[in-house]
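So the chains spell out like this:
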Amino acid sequence: MTCIRTKTEKVFRFNEPTKIGYCCKMKMPIEDTVRHQQVIDELEKSLRPSECHRCWAAEDVGAESWREIGNKQYLAGQKKNDNFMIEVTLDNTCDLSCSYCGAGCSNTWEKEFKNAPEWAGKVHGLGNSSGNAKEDFIKKTLVEEIVRIIKLKKNIFFNIYGGETFLSPFLLNGGLEYLVESYYSNGGNNSIHIALTTNGNTPEVLAKKYIERYEKLQECYPISFNILISNEASGSTAEFIRYGLDYNNFLKISKLWLNSKFKEVHPLMTINALAITSLTNFIEDFTRLFEETNRRKVVILNPVYDPVEQSISVLDHRFEKYLNEFSSVLKQYNYTMYSADVDKLKNLLGTNTKQKHKLKTFIDYSRIVRNVDFSQIEPEIVEYLEEE
Ligand code: SF4
Ligand code: SF4
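It should be emphasised that the depicted structure is a prediction, and the values quoted were computed from it without experimental measurement.

Participant: Just checking my understanding: could you explain helix H15 (residues 356-368) for this structure?
Facilitator: Side chains of residues three or four places apart in an α-helix project in the same direction, reflecting 3.6 residues per turn. Taking 1.5 Å per residue, 13 residues should reach 18 Å; H15 reaches 19 Å between its end C-alpha atoms and fits that length. Listed in full, the buried residues belonging to H15 are Lys356, Leu359, Phe362, Ile363, Tyr365 and Ser366. The buried side chains of H15 occupy one side of the element, clustering within an arc of 165 degrees when seen end-on. Residues of H15 that are buried make contact with helix H10 (235-241) and helix H16 (379-386).

Participant: Even after reading the chapter, I still don't get the site of ligand 1, so can you show me in this structure?
Facilitator: By nearness alone, 13 residues border ligand 1, and Cys3, Cys23, Cys52, Cys55 and Arg67 come closest of all. Those elements that place two or more of their residues in the shell around ligand 1 are helix H1 (5-8), helix H3 (53-60) and helix H4 (66-75). When residues of the shell around ligand 1 are assigned to their parent elements, the largest contribution, three residues, is made by H4. Of the residues assigned to the shell around ligand 1, the class counts are seven nonpolar, two polar and four charged.

Participant: Sorry, what's going on with the nonpolar core here?
Facilitator: One recurring pattern in soluble globular proteins is that nonpolar side chains are buried together. With 107 residues, the main nonpolar core has Val88, Leu90, Ile156, Phe158, Ile160, Ile194 and Ile312 as its most contacted residues. The residues contacting leucine 90, other than those within four sequence positions of it, are Phe14, Asn15, Ile138, Ile160, Tyr161, Gly162, Gly163, Thr165, Ser168, Phe170 and Leu171.

Participant: Explain the packing of helix H12 (residues 279-292) against helix H13 (residues 320-332) here, please?
Facilitator: Think of two packed helices as two axes; the pair is described by the angle between the axes and how far apart they sit. At a minimum axis distance of 8 Å, the contact between H12 and H13 shows a crossing angle of 20 degrees. Classified by the angle between their axes, H12 and H13 sit roughly parallel to one another. Crossing geometry of H12 relative to H13 is assigned as left-handed. Side by side, H12 and H13 meet where Leu279, Thr280, Ile283 and Glu284 of the first sit next to Tyr322, Glu325, Phe326, Val329 and Leu330 of the second. The residue makeup of the contact of H12 with H13, split by class, is six nonpolar, one polar and two charged.

Participant: For this particular structure, what's the right way to read the pairing of strand S4 (residues 83-89)?
Facilitator: Every other side chain in a regular strand lies on the same face of the sheet, so the side chains alternate between the two faces. Most of S4 is tucked away: six of the seven residues are buried. Bridge analysis of strand S1 (residues 9-13) against S4 gives five bridges, and the strand direction is parallel. Along S4, the bridge assignment pairs valine 11 with glutamate 87. Pairing geometry for S4 and strand S6 (residues 155-161), over seven bridges, is parallel. Paired with asparagine 83 across the two strands is asparagine 155, which belongs to S6.

Participant: Mind showing me how you'd approach the site of ligand 2 here?
Facilitator: Around ligand 2, a shell composed of Cys94, Leu96, Ser97, Cys98, Cys101, Cys105, Ser106, Gly162, Gly163, Glu164, Asn199 and Arg242 is seen. Grouping the constituent residues of the shell around ligand 2 by class yields five nonpolar, five polar and two charged.

Participant: Whenever I open this one, the packing of H15 against H16 confuses me. Can you help?
Facilitator: Two numbers describe how H15 lies on H16: the axes approach to 9 Å, and their chain directions differ by 125 degrees. On the basis of their axis angle, the class for H15 and H16 is oblique. Remark: the crossing between H15 and H16 carries left-handed chirality. For the pair H15 and H16, the contacting residues are Lys356, Leu359, Lys360 and Ile363 in the first and Val382, Leu385 and Glu386 in the second. Broken down by class, the residue content of the contact of H15 with H16 amounts to four nonpolar, no polar and three charged.

Cut-offs applied
- Residues numbered from 1 in each chain as written.
- Chains lettered and ligands numbered in written order.
- Predicted model: local features only at pLDDT ≥ 70, side-chain atom pairs only at ≥ 80, totals over all residues.
- Helix = DSSP H or I, 4+ residues; strand = E, 2+ residues; numbered from the N terminus.
- Expected span 1.5 Å × (residues − 1).
- Buried ≥ 20, exposed ≤ 12 C-beta atoms within 10 Å, placed from the backbone.
- Arc of directions from axis to C-beta.
- Contact = placed C-beta atoms within 7 Å.
- Near = placed C-beta within 6 Å.
- Nonpolar A, V, L, I, M, F, W, Y, C, P; charged D, E, K, R; others polar.
- Core = buried A, V, L, I, M, F, W, Y, C linked by C-beta atoms within 7 Å.
- Axes fitted to C-alpha atoms, helices over the stretch in contact; angles between N-to-C directions.
- Parallel < 35°, antiparallel > 145°, perpendicular 65-115°, else oblique.
- Left-handed = near helix turned anticlockwise from the far one by under 90°.
- Pairing = 2+ DSSP bridges.

Printed below as a string of structure tokens:
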């Protein structure tokens, strides 16, 4: 039961009292170095460390786990042992409060919590964040990791998230430039690959500034950028799920990134229950943008497992037709896909239908507190949730 990710990835979450993980689906306190090694030992002995519970839950219902997706990518050559991904969650500064997110990653969710009615305590996203790390600590920790990877002679792939990455004070204050300069001044001599994930809601003037800054950075150093634009639904469905989003602005900002000089720009679709009817519309909108900008069509699919009520596992098999439709459109436009396989996603359907009342609570919260009625947007989903 080995997991290639333990040898090829490390995740730093600076948005909570700092935690690390061997992938984005698990975490451990940064200071508990004894447990860090025990988890690796347990995986190698085919035991099931509790920190990896999301993988075991997926595998127990026959869905493809994050571990299996990683191992598959390794066997297919998409993931290489001489590459090392450093994934970073910088802080919780974000202008959106997405349905499957929460205060830990979004200070907009955190602000909502301060004004939320008492009954809304059951809505998963609400809460207080446990605090962002200081910029100096982030710099020191990441430079130590960079030096460790240089010694291992592996190529570094940075995968950087916010909150909303481009609103993070660390990036606004030149943190990425500092990390790149530190790599080369500490003896790094390979190219660095940097993936930055954005919600595509950035003000136009800010997006343009970042494009200019990072195009300049890649003229000075042998680095390449991959911009991942996070969204999975279109129009008012997207604006409901990714609360605070202006979908038209999203399309405009996405096109700005697609027109930049960065090597890869493509969507990261977080497959969740509320988006299921809208996946095809979204990919058709993005296909038009790819075609207008002459870009290769690539998409990453990342299913939500947690919170469980936002996962497609709370839906039953009547929704399978939407995954079939989505799958055939991806094939029709010859998309290159990374991570989850759409046909295997179908195995999740129907495995957690008893939890659907929690999704209904979220819909009620949105109607009462945010004044947005999902039954007017996606009636089929709401009718299903209201069935006994
Ligand atoms: S959670 Fe899954 S993918 Fe992550 S380290 Fe554990 S087994 Fe590997
Ligand atoms: S854009 Fe990202 S960080 Fe912000 S609320 Fe949505 S999922 Fe969370």
